[in-house]
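Each chain, written out:
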Amino acid sequence: MAKGEGRRAKGKGHGAWGMGRGAWGMGHGAWLQIFKTIKIMRKTLTVLIVLIAALQTLAAQKVLTKDERMAWWREARFGMFIHWGVYSIPAGIWNGREIGGIGEWIMNRGKIPVRDYTEMAKQFNPVKYNPEAWVKMAKDAGMKYIVITSKHHDGFALFKSEASKWNVVDHTVYGKDLLKPLAEACEKHGIKLGFYYSQAQDWVNPGGSAARRLTKEGWPNPDSVIIDAYTKEHNGHWDPAQETRSFKDYIDEVAVPQVRELLTNYGKVAVLWWDTPTGMTDEAAVKLQSLLTLQPEIITNDRLKRPNFPGDHKTPEQRIPNLADLDGTDWETCMTMNGTWGYKSYDHNYKTPKTLIRNLLDIASKGGNFLLNVGPTAEGEFPPESIEILKEIGKWMKVNGEAVYGTKASPWGIFDWGRCTVKENGNNSILYLSVFDWPAERVITIDNFNNRISSIRLLASGTPVKYSTGNGRLIIYLPETAPDPAATVIKAEVRGRI
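Residues numbered from 1 in each chain as written. Predicted model: local features only at pLDDT ≥ 70, side-chain atom pairs only at ≥ 80, totals over all residues. Heavy atoms only, no water.

Draft legend 1. Structural view of the overall build of the chain. Along the backbone of the chain there are 12 helices and 16 strands. When each of the 498 residues of the chain is scored for burial, the buried share is 50%. Of the contacts formed within the chain by residues at least 6 apart in sequence, a portion of 72% connects residues at least 24 apart. In the structure as shown, the chain presents an accessible area of about 24,000 Å², 55% of it carried by carbon and sulfur atoms. (Helix = DSSP H or I, 4+ residues; strand = E, 2+ residues; numbered from the N terminus. Buried < 20%, exposed > 50% of the residue type's maximum accessible area, 1.4 Å probe, protein only. Contact = heavy atoms within 4.5 Å. Areas by Shrake-Rupley, 256 points an atom, 1.4 Å probe, with all protein chains shown as cover.)

Draft legend 2. Representation of the packing of aromatic side chains. What the rule picks out here adds up to 21 aromatic pairs. Between Trp 105 and Trp 203, the aromatic rings sit 5.1 Å apart at their centres with planes inclined by 65°, giving edge-to-face as the arrangement. Remark: Trp 203 occurs in the loop between strand S5 (192-197) and helix H8 (224-233) and Trp 105 occurs in the loop between strand S3 (97-98) and helix H3 (106-109); sequence separation between them is 98 residues. Each member of the pair, Trp 105 as well as Trp 203, carries the same accessibility label: buried. Each member of the aromatic cluster is reached from another via a ring pair, and the members are Trp 84, Tyr 117, Phe 124, Tyr 129, Trp 134, Phe 156, Trp 166 and Phe 382. Over the ring of Trp 219 we find Arg 97; its NZ or CZ atom is 3.4 Å from the centre of that ring. In this arrangement the basic side chain of Lys 180 is found over the ring face of Tyr 266, its NZ or CZ atom lying 4.7 Å from the centre. (Phe/Tyr/Trp six-rings, centres within 6.5 Å; stacked < 30°, edge-to-face > 60°. Lys NZ or Arg CZ within 6 Å of the ring centre and 35° of its normal.)

Draft legend 3. Seen up close, the pairing of strand S8 (residues 332-335). With burial as the criterion, each face of S8 is covered, one bearing Glu 332 and Cys 334 and the other bearing Thr 333 and Met 335. Inspection of the sheet shows S8 paired to strand S9 (residues 369-374) by four bridges, in the parallel sense. From the neighbouring strand, Thr 333 faces S9, where its bridge partner is Phe 370. Running through helix H11 (residues 353-365), the crossover from S8 to the neighbouring parallel element S9 is right-handed. (Pairing = 2+ DSSP bridges. Right-handed = clockwise from strand over helix to strand, strands pointing away.)

Draft legend 4. Structural detail: the sheet that holds strand S14 (residues 466-470). Reading across the sheet, the three strands line up as S12-S15-S14 and stay open at both edges, with antiparallel pairing between neighbours. Pairing within the sheet leaves two strands with one partner each, and these edge strands are strand S12 (443-447) and S14. On average, each strand axis in the sheet is tilted by 15° relative to the strand beside it, whichever way the strands run. With five bridges joining them, S14 and strand S15 (residues 473-477) adopt antiparallel strand pairing. Bridge pairing links Lys 466 to Tyr 477 in S15. (Axes fitted to C-alpha atoms, helices over the stretch in contact; angles between N-to-C directions.)

Draft legend 5. Spotlight on the pattern of salt bridges. Under the criterion given, the structure shown has 34 salt bridges. Between Asp 170 and Lys 165 there is a salt bridge whose closest N-O contact spans 4.0 Å. The partly exposed category is assigned to Asp 170, whose relative accessible area is 32%. Where salt bridges share partners, they join Lys 66, Asp 67, Arg 74 and Asp 330 into one cluster. (Salt bridge = Lys/Arg side-chain N within 4 Å of Asp/Glu carboxyl O.)

Draft legend 6. Spotlight on H8. All of the buried residues in H8 are Ser 224, Ile 227, Asp 228 and Thr 231. Down the axis of H8, the sector holding all buried residues measures 95°, keeping them to one side. Exposed and facing more than 90 degrees away from the buried side of H8 are Val 225, Ile 226 and Glu 233. Just downstream of H8, Asn 235 is the residue with a positive phi angle, here 55°. (Arc of directions from axis to C-beta.)

Draft legend 7. Expanded view of the environment of His 189. Structurally, the position occupied by His 189 is in helix H7 (residues 179-189). For His 189, a relative accessible area of 16% translates into the label buried. Here the alpha-carbon distance between His 189 and Lys 136, two residues 53 residues apart in the chain, equals 7.4 Å.

Draft legend 8. Spatial organisation of unusual backbone geometry. Here Arg 306 and Pro 307 are connected by a cis peptide whose omega angle stands at -5°. Within the secondary structure layout, Pro 307 lies in the loop between strand S7 (299-300) and S8. The phi dihedral of Ala 91 falls on the positive side, at around 50°, and the residue is not glycine. The residue Ala 91 is located in the loop between strand S1 (78-82) and strand S2 (93-94) in this model.

Draft legend 9. Structural detail: the sheet that holds S5. If you walk across this open sheet you meet the seven strands as S7-S6-S5-S4-S1-S9-S8, and the pairing is parallel. Because the sheet does not close on itself, it has two edges, and the strands there are S7 and S8. Running over the sheet, helix H9 (residues 247-264) touches strand S4 (145-151), S5 and strand S6 (271-274) and is turned about 175° from S5.

Draft legend 10. Region of the structure containing the environment of Ser 150. Along the chain, Ser 150 turns up in strand S4. The exposure class of Ser 150 is buried, given its relative accessible area of 0%. Expressed as a C-alpha distance, the spacing of Ser 150 and Gly 85, which sit 65 residues apart in the sequence, is 8.6 Å. The residues touching Ser 150, leaving out its near neighbours within four places in the chain, are Phe 156, Ala 157, Leu 158, Phe 159, Leu 179, Phe 195, Tyr 196, Tyr 197 and Leu 262.

Draft legend 11. Quick peek at the side chain of Ser 434. Among the structural elements, Ser 434 can be located in strand S11 (residues 428-435). Residues within four places of Ser 434 in sequence aside, it is in contact with Leu 361, Trp 417, Gly 418, Arg 419, Thr 488 and Val 489.

Draft legend 12. Main features of the pairing of strand S10 (residues 418-425). Within S10, six of the eight residues are buried, leaving the element largely enclosed by the surrounding structure. As paired elements, S10 and S11 share eight bridges and run antiparallel to each other. In the strand pairing of S11, Arg 419 is matched with Ser 434.

Below you can see the structure in the form of structure tokens.
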């Protein structure tokens with residue numbers, strides 16, 4: 001009995017364990033339910049994360065207003081233009097002759113056959129190209145953005161292109177994309193990058209247009225009469241090879257895909273700088289304009305096709321507009337340091353740093369931007385004169401840059417003694433009075449001035465400057481001599497808005 005009872009007791013114990021397993025079974029089911037709930041929650045969380053990411057992407061891609069897109073550009077005021085390409089090889093000379101006009105137009109002005117020009121391009125080998133050095137020179141000069149000729153009128157692309165073999169990778173001994181390392185250097189040093197693109201004129205890719213230039217604008221060619229008659233009959237073209245395709249073919253097969261490549265393969269593109277709408281149609285312009293959705297924050301100029309495609313800003317070339325020319329539209333003066341955009345070996349007629357600094361101040365005082373050009377050599381170097389000019393401008397900008405960046409136009413126009421820029425400072429204002437010509441009487445005045453002054457000092461040194469106000473006039477008493485021969489900036493802090 002004892003043993004049986006023991007076995008039964010044991011069995012009872014086993015049954016108790018069975019009850020325990022049964023209880024665990026109920027618990028296991030509950031845990032399964034919890035796991036299922038967690039799984040559902042995880043899926044829901046994943047969906048929420050994806051949804052949030054999508055919403056963030058949409059928010060990032062929202063259509064910006066023009067003021068939002070232009071904000072950095074208006075703050076920058078100063079940029080570098082770079083004209084570089086195959087034309088830097090002849091450097092203004094063809095078959096022993098100096099070809100007239102600007103360097104990058106040598107193919108057109110010299111009426112160089114397509115075959116000869118493309119054969120010469122095989123020599124393009126910029127082994128001294130140092131994009132980081134270029135970007136640092138621009139930054140040290142006080143420039144905030146760079147615009148480079150990704151493709152000029154000769155049709156040669158400085159980048160790898162699937163749309164045309166007429167590019168630096170496929171057609172030269174150098175064989176490397178020139179824009180990628182420049183984009184990387186700009187990103188590294190905080191400089192905005194823009195691309196110039198000749199959308200209509202293309203003198204090598206068949207079907208591209210050509211602006212007609214008479215042979216006398218290049219050199220006194222003995223066949224001028226025959227050549228000029230031909231270009232008149234063929235819409236500016238001088239070589240039958242240029243007309244084996246239609247303009248529509250060129251737009252669809254070269255221009256559109258190349259602009260898509262530029263806006264896809266080089267990160268954020270700040271500016272697309274169209275040039276010369278020779279022969280452009282509205283249909284072609286629409287196709288190119290539609291690609292801008294690839295870079296929603298991009299800024300464009302007014303040269304895609306006038307007047308139906310005005311872009312974001314006007315582009316006066318080699319000149320600074322008069323006050324009467326301004327209509328409230330954003331604008332940017334582009335200008336060469338010497339007489340040419342593309343490199344010419346014999347053009348040493350450079351403007352002085354003093355002239356270019358004053359040009360910058362004149363432009364800023366009228367609310368514009370200054371895009372100053374450099375034309376590198378075929379080896380990829382900036383000309384020594386350009387390097388020295390950039391250094392001198394940089395020295396001045398390091399001390400006086402706040403008189404340029406983020407400023408607005410002078411409400412008083414221009415002065416015979418210099419220029420004025422204005423910056424808002426909360427509810428108050430700052431005037432930057434850049435004195436060019438030091439008056440013999442050492443006094444400058446501003447009429448129609450009714451604000452109270454907080455302080456007036458020399459920007460470079462912080463030295464206080466004497467002044468007086470009254471009867472709607474501000475009178476400033478200058479030191480005996482000009483501290484800076486290029487432009488001495490006086491900073492006046494003013495109560496209230498101007």
